[in-house]
Amino acid sequence: MTVLQFVARRLALTIPLLLGIIFITFMLIRIGGQDAVGMLTSPLASKQEVDAIRASLGLDRPLLEQFAIYIGNVLQGDLGNSWQSKQPVLGEILRRLPASIELLFLSIILGAAIGIPIGLRAAMRPNGLFDQVSRFVSLIGFSVPTYWMALMALFVFYLGLRWTPPPMGRISIAAFPPKPVTGSYFLDSLFAGDWSAASSAGHYLILPVAVFSLIVAAPIIKQTRAIAIEILNSDYVRLARLYGFRPQTIRRLTLRNAFTPIATYIGSELATLLAAVSLVELVFSWGGLGQWGLNAILFGDFAAVQGYVLTLAIFATTIYLLVDVAVLVLEPRSAISK
Amino acid sequence: MSLLEVENLHTHFVKRDLRNQVRVARALNGVSFRVDRGEIVGLVGESGAGKSLTASSIMGLLGKSARIVQGSIRFQDQELVGMTAEQLDAVRGSEITMIVQSPITSLDPLSRVGDQLIRVQREHHAVAREEARRRAIEMLMTVKIPDPERRMRAWPHELSGGMAQRILIAMALINAPKLLIADEPTTGLDVTVQAQVLDLLNDLVRSRDMAAIIITHDLGIVANYCTRVAVMFSGAIVETGPTREVFARPRHPYTQALLDSVPERAKRRGGGQLSGAPPNLYALPTGCLYNYRCSKATETCRGVPPLIDVGPDHRALCHHASA
């Protein structure tokens, strides 16, 4: 099996999965959600007016018929319009996605940079002092609610110490946002050579990235520790010791064998974090996909919620696919590499 | 002077229980034996008798809770007990080497067989890669692996158990060690492969003027391959001597019971199983450690048993051995 064949097969399997996700989201929001028409009309509207609006939106038709229409549109690349902004959902998503991705990737890079070394160090002496402390820190990262940690960070570093800018978006109101290339204000202003804008965007990134990377790092510490302990106790590390390998060789052996499982874990964590980042976005008015999606859910904006969930699903399946391909190529035990 | 002399070796496991009380498991209680050049010594005994722990103690690779509290291990007149890890690293893998019982999981899953054979050499000597590669191929031929050039590129997961064990033997022998410890080298291999691997080991040890310790439960292996045998019970060697001598005239009651439990003998003599559990290492019996299971135990057995010469180079740790 070649890599291409593998990818093709996985993509084929992805299609029914996405269809299922679209179907469930579509039905759940209509069956269990609030009556969107009520939120769209004035409280003083008459029964006739409400019915007219309902009919104009097509919400009076049978659910399956509504679904068929929606699927037809989605297949043509039309995710519908948001009721709040009257804009096409696809455009709204694409415009906001880069801001979320920027926050997410910086946090996961920082989280991995913190979490992996701590986990490895803790695995060296399980139940030692370092391990106990790191486990406590990781427990905090697990158990403290994301938004609370974000609010506390703001309270201390913005309100108290005045070290960070206010939680109002991604760049100072006084600075001009750069011409979009990657969608990251920081990178784009660097490319454009606009140092003051880059500095402003950088400052706005610090606190949300710091908060979110702590949350990301907690499970990475735990997993890395478990993986490294297992490898350090493995037969092949024991053999390396029996054969008098130098400590640095044993360290390299451990790291190399830990790499794939840790990368797999971080990849699968990444897939779910695009949803988790929304709470941080909300607190910092980040203006990314997550904040928009949360708003859409609260408002009952059908097309927007469906688009949001679909984006999360596509993001997750893409990440899983990339992780699997990476493992397939890197792992001698996989079916492909020879 | 022998190649390896183990004397009065005591290894204990120390740990704390839930009430934070120190608990000591006395796993080795005065192990003494020697290994001379050119001989293969069999170390036999029931599970938990301390066979593998003796090997780990020699290799200086004990778990965190285990420590050598007393005794000495001299290899080529060099004391190994008390050496630093760094000093030990110069000995293990090059002078003393070991074959373990799980060959497939003991190979690094992410390196090709050839690279592992090369690595083992370069960890100990400054050898050029090409030279190390040539020697690796030679060694694979020595352990009778067909098409060694191609096998060099194989991954561990592609090997059968017997093949992996041969690779491990090649890794163990490539630095020309003086002493080889084989800890149940054939567990998990099927019977025909077992014989092949053991014959190979036997030939290599004899042709290279090495010495070997084979740790096993299998008395058949001892009878076929070992020049001398040491029988372990509860962390002590209760009887040692030339294999033929010990098998023909076992003097320690435990050895006698052990030999009687071999299926063929049991059938012929109507002997039975070896019954009873190993002693509690946290609270060892006083005197002879075997007295609570021994059919010949008397009042004298409550005293520490002497090591008695019962034949040429044949000794037993029993009050009644001379009788």
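### Section: the overall build of chain A
Along chain A, the regular secondary structure elements total 13 helices and 0 strands. For chain A, the succession of helices and strands along the chain, N to C, is α-α-α-α-α-α-α-α-α-α-α-α-α. Considering only C-alpha atoms, chain A reaches an extent of 85 × 55 × 40 Å along its principal axes. Buried residues in chain A amount to 33% of all 338 residues. Of the contacts formed within chain A by residues at least 6 apart in sequence, a portion of 70% connects residues at least 24 apart.

### Some words on the overall build of chain B
Each helix and strand in chain B was counted, giving 12 helices and 12 strands. On C-alpha atoms alone, chain B measures out to a radius of gyration of 21 Å, which is about the 20 Å that the 2.2 N^0.38 rule sets for 323 residues. For chain B, the C-alpha atoms occupy an extent of roughly 65 × 50 × 40 Å along the three principal directions. For chain B, the residues scored as buried account for 43% of the 323 residues in total.

### Things to note about the interface of chain B and chain A
Taken together, the contact between chain B and chain A spans 23 residues of the former and 15 residues of the latter. Sorting the residues of the side of chain B that touches chain A by element identifies helix 2 (85-91), strand 6 (96-99), helix 3 (103-106) and helix 4 (113-124) of chain B as the ones contributing at least two each. For the side of chain B that touches chain A, a count of residues per class yields 11 nonpolar, 8 polar and 4 charged.

### Here's the deal with the sheet that holds strand 1 (residues 4-16) of chain B
All names here are of chain B. Taken in spatial order, the 4 strands of this open sheet run 2-1-4-5, and their pairing is antiparallel. Each end of this open sheet is capped by a strand with a single partner; those strands are strand 2 (22-35) and strand 5 (78-79). The pairing of strand 1 with strand 2 spans 11 bridges and is antiparallel. Within strand 2, the residue paired with Val-14 across the bridge is Val-24.

### Some remarks on the environment of Ala-283 of chain B
Looking at where Ala-283 of chain B falls in the secondary structure, it is placed in the loop between helix 12 (263-269) and strand 11 (307-311). Measuring from C-alpha to C-alpha, the distance between Ala-283 of chain B and Ile-169 of chain B comes to 39 Å, with 114 residues separating the pair along the chain.

### Describing the environment of Gln-194 of chain B
All names here are of chain B. Its place among the elements puts Gln-194 in helix 8 (residues 191-207). With 19 C-beta atoms counted inside 10 Å, the residue Gln-194 sits in the partly exposed group. Considered as a pair, Gln-194 and Asn-175 are 19 residues apart in the sequence and their alpha carbons are 24 Å apart. If near-sequence neighbours (up to four positions away) are discounted, Gln-194 is found in contact with Thr-186 and Leu-189.

### Considering the packing of helix 5 (residues 89-124) of chain A against helix 11 (residues 247-283) of chain A
All names here are of chain A. Interhelical geometry of helix 5 versus helix 11 gives an angle of 130° and a closest axis separation of 9 Å. Here helix 11 runs oblique to helix 5, going by the angle between their axes. Here helix 5 and helix 11 pass one another in a crossing that is right-handed. In this structure, helix 5 contributes Ser-100, Leu-103, Leu-104, Ile-108, Ala-112 and Ile-116 to the contact, and helix 11 contributes Ile-262, Ile-266, Leu-270, Leu-273, Leu-274, Val-277 and Glu-281. Among the residues forming the contact of helix 5 with helix 11, the class breakdown is 11 nonpolar, 1 polar and 1 charged.

### A look at the nonpolar core
Counting 96 residues, the largest nonpolar core has Ala-170, Ala-212 and Val-231 of chain B as its most contacted members. A per-element tally of this core places helix 7 (residues 161-173) of chain B first, with 9 residues. Contacts of Ala-212 of chain B, omitting those with residues within four sequence positions, involve Ile-40, Leu-180, Ala-182, Leu-201 and Val-205 of chain B. Membership of the second largest hydrophobic core comes to 67 residues, among which are Tyr-70, Ile-171, Phe-212 and Ile-215 of chain A.

### Re the confidence of the model for chain B
Taken over all residues, the pLDDT of chain B has a mean of 87, while the share at 70 or more is 96%. Interface confidence for the predicted complex, given as ipTM, is 0.86, next to a pTM of 0.80.

### Section: unusual backbone geometry
Here Lys-86 of chain A, not a glycine, exhibits a phi torsion of approximately 65°, which is positive. Residue Lys-86 of chain A is classed as exposed on the basis of its 7 C-beta neighbours within 10 Å. Phi is positive for Asn-20 of chain B, close to 65°, though the residue is something other than glycine. Exposure remark for Asn-20 of chain B: the 6 C-beta atoms within 10 Å place this residue in the exposed category.

### Let's talk about helix 4 of chain B
Residues and elements named next belong to chain B. Spanning 12 residues, helix 4 covers 18 Å between terminal C-alpha atoms, matching the ideal 16 Å at 1.5 Å per step. Of all the residues in helix 4, the buried ones are Val-113, Gly-114, Gln-116, Leu-117, Ile-118, Val-120, Gln-121 and His-124. The inward-facing, buried residues of helix 4 contact helix 5 (129-142), helix 6 (148-151) and helix 7.

### As for the sheet that holds strand 10 (residues 236-242) of chain B
Residues and elements named next belong to chain B. Overall, mixed pairing links the 8 strands, which are arranged 6-7-8-3-9-10-12-11 in an open sheet. Sheet topology places strand 6 and strand 11 at the edges, where each strand pairs with a single neighbour. Strand-to-strand twist in this sheet, taken as the mean axis angle between neighbours without regard to direction, amounts to 20°. By the bridge criterion, 4 bridges tie strand 11 to strand 12 (residues 314-317) in an arrangement that is antiparallel. Directly across from Asp-309, in strand 12, lies its bridge partner Arg-315. The strands touched by helix 11 (residues 253-260) within the sheet are strand 9 (228-233) and strand 10, with strand 9 carrying the most contacts at an inclination of about 105°.

The rules behind the values
Residues numbered from 1 in each chain as written. Chains lettered and ligands numbered in written order. Predicted model: local features only at pLDDT ≥ 70, side-chain atom pairs only at ≥ 80, totals over all residues. Helix = DSSP H or I, 4+ residues; strand = E, 2+ residues; numbered from the N terminus. Buried ≥ 20, exposed ≤ 12 C-beta atoms within 10 Å, placed from the backbone. Contact = placed C-beta atoms within 7 Å. Rg over C-alpha atoms; globule rule 2.2 N^0.38 Å. Nonpolar A, V, L, I, M, F, W, Y, C, P; charged D, E, K, R; others polar. Pairing = 2+ DSSP bridges. Axes fitted to C-alpha atoms, helices over the stretch in contact; angles between N-to-C directions. Parallel < 35°, antiparallel > 145°, perpendicular 65-115°, else oblique. Left-handed = near helix turned anticlockwise from the far one by under 90°. Core = buried A, V, L, I, M, F, W, Y, C linked by C-beta atoms within 7 Å. pLDDT = per-residue confidence, 0-100. Expected span 1.5 Å × (residues − 1).

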